[in-house]
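Take a look at the letters that make up each chain.
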Amino acid sequence: MQRETASDLVVFLAVARAQSFTRAAAQLGVSQSALSQTIRSLETRLGVRLLTRTTRRVAQTEAGERLLQTVSAHFADVDAELEAVTALREKPAGTIRLTATENAATSVLWPALERFLPAYPDIKVEIVIDYGLTDIVGERFDAGVRPSETVAAGMISVRIAPDMRMAVVGSPAYFAQRKPPKVPQDLTAYTCINLRLPTHGGLYPWEFEKAGREVNVRVDGQLIFGTADLMLTAARAGFGLTYLTEQQCQADIESGRLVRVLADWCPPFSGYHLYYPSRRQQTQAFALLVEALRYREPAKVVQNS
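Right, let's walk through the structure included here.

The rules behind these values
Residues numbered from 1 in each chain as written. Predicted model: local features only at pLDDT ≥ 70, side-chain atom pairs only at ≥ 80, totals over all residues. Heavy atoms only, no water. Helix = DSSP H or I, 4+ residues; strand = E, 2+ residues; numbered from the N terminus. Buried < 20%, exposed > 50% of the residue type's maximum accessible area, 1.4 Å probe, protein only. Core = buried A, V, L, I, M, F, W, Y, C linked by side-chain atoms within 4.5 Å. Contact = heavy atoms within 4.5 Å. 1 Å grid on protein atoms, 1.4 Å probe; cavity = no way out; pocket = protein on both sides within 12 Å on 5 of 7 lines; lining within 4 Å. Points joined across faces, edges and corners; volume = space filled by probe spheres on them. Patch = residues over 30% accessible without salt bridge, like charges linked within 9 Å, V, L, I, M, F, W, Y side chains within 5 Å. Areas by Shrake-Rupley, 256 points an atom, 1.4 Å probe, with all protein chains shown as cover. Salt bridge = Lys/Arg side-chain N within 4 Å of Asp/Glu carboxyl O. Lys, Arg positive; Asp, Glu negative; His and termini not counted. Charge placed at Lys NZ, Arg CZ, Asp CG, Glu CD. Axes fitted to C-alpha atoms, helices over the stretch in contact; angles between N-to-C directions. Parallel < 35°, antiparallel > 145°, perpendicular 65-115°, else oblique. Nonpolar A, V, L, I, M, F, W, Y, C, P; charged D, E, K, R; others polar.

A look at unusual backbone geometry
Consideration 1: Phi angles above zero are rare outside glycine, and Q19 is one such case at about 55 degrees.
Consideration 2: Residue placement: Q19 occurs in the loop between α1 (3–18) and α2 (21–28).
Consideration 3: Despite not being glycine, A211 shows a phi value in the positive range, around 55 degrees.
Consideration 4: Checked against the element boundaries, A211 lands in the loop between β9 (206–210) and β10 (213–217).
Consideration 5: Overall, the relative accessible area of 84% leaves A211 in the exposed class.

This is the structure in structure tokens:
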């Protein structure tokens, strides 16, 4: 590959990922006009249009999308190899980019990082909060964190947390004038606090299961949020019922700030897993972080008879 072509591909990737010449120029530290000229030169050499430009955004053509997917994977491999060479230093070093939900980052990643990072001052960790099913290869993440059932095929999956349960909760004040729901379908008559999934744009349906019967309920209410913290705040203030993980609500339930309902319809499900491409070349820093995050079953206490 000619040096000029390699440099042009770096520019193309930056513009395609940012979907904006302005943002890409800021990231690369060059002018928008220089980026435009580079893209035009690349398109001329290839003989195809790679990007379409409108007043609001930049999008890939069919040829551009194919090039983006192919080149992204190869550049990710190059980055991984460079990190692997860097890892041969005496001290583990490098930047690790992770994508995770807010709850996973708060309850699983941060407690582990708080113990891990002081021992490795040359390792940097970036966590991007995202509720969608992120393409970690295309977005150049080293790994993602999701429940195991949402991990794509072909990924290496490492369990980093115990099983979880969901919980429907509301404040004592909210229930003061209402009887608790007996079955999930009753929720359609209650005011509920919804979560919008940014990637899909839709509201998250509340999922229930009992005795092998699965029920999904689409609830309604005045409030829709994109973060768990605001959902909890609104529920504590009596604005309705909300649906979050048991772990997120546990302190409020134990203190009496929130009351749990429909617990028998919320069975355990697989906890969080760290996932990454099977072909990824592991750096020393990444391998150390994986081991620091790996979930280990608590030792069972054997009672002497």
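Once the structure has been displayed, the description carries forward.
Details of the nonpolar core
Consideration 1: Core analysis: the biggest nonpolar cluster contains 25 residues, and L109, V145, I160, Y272 and L274 have the highest contact counts within it.
Consideration 2: Listed by contribution, the elements that provide at least two residues to this core are β3 (94–100), α5 (102–116), β5 (143–147), β14 (272–277) and α9 (284–293).
Consideration 3: With 7 residues, the top contributor of residues to this core is α5.
Consideration 4: When residues no more than four places from it in sequence are discounted, the contact partners of I160 are V108, L109, V145, Y272, H273, L274, L293, R294 and Y295.
Consideration 5: By size, the runner-up hydrophobic cluster in this structure holds 20 residues, among which are L9, I39, L50 and L51.

Let's talk about the environment of V219
Consideration 1: Mapped onto the elements, V219 comes out in the loop between β10 and β11 (220–225).
Consideration 2: Beyond its immediate chain neighbours, meaning those up to four positions away, V219 contacts L187, C192, N194 and W206.

Description of the layout of surface pockets
Consideration 1: Looking at the largest pocket, its volume works out to about 920 Å³.
Consideration 2: Lining the largest pocket are 36 residues; nearest its centre among them are P147, M166, Y204, E207 and F269.
Consideration 3: Looking at the lining of the largest pocket, the elements with two or more residues in it are β5, β9, β10, α7 (228–236) and β12 (242–245).

Observations regarding a negative patch on the surface
Consideration 1: Side chains of E149, E207, E209 and E214 sit close together on the surface and give a patch of like negative charge.
Consideration 2: Looking at where E209 falls in the secondary structure, it is placed in strand β9.
Consideration 3: On the basis of relative accessibility, which here comes to 32%, the residue E209 falls in the partly exposed class.

Here we look at the packing of α2 against helix α3 (residues 32–46)
Consideration 1: At a minimum axis distance of 9 Å, the contact between α2 and α3 shows a crossing angle of 105 degrees. Between α2 and α3, the angle is such that the two are roughly perpendicular. Side by side, α2 and α3 meet where F21, T22, A24, A25 and L28 of the first sit next to Q32, L35, S36 and I39 of the second.
Consideration 2: Taken together, the residues of the contact of α2 with α3 sort by class into 6 nonpolar, 3 polar and no charged.

Things to note about the pattern of salt bridges
Consideration 1: Taken as a whole and assessed by the stated rule, the structure comprises 10 salt bridges.
Consideration 2: The shortest N-O distance in the salt bridge between R97 and E126 comes to 3.1 Å. Taken together, the residues R97 in strand β3 and E126 in strand β4 (residues 123–129) connect sequence positions 29 residues apart.
Consideration 3: Residue class for R97 comes out partly exposed when judged on its relative accessible area of 23%.
Consideration 4: Between R236 and D252 there is a salt bridge whose closest N-O contact spans 2.7 Å. Taken together, the positions of R236 in helix α7 and D252 in helix α8 (residues 246–255) put the pair 16 residues apart, joining distant regions of the chain.
Consideration 5: Through salt bridges with shared partners, a single network forms among R165, E246 and R260.

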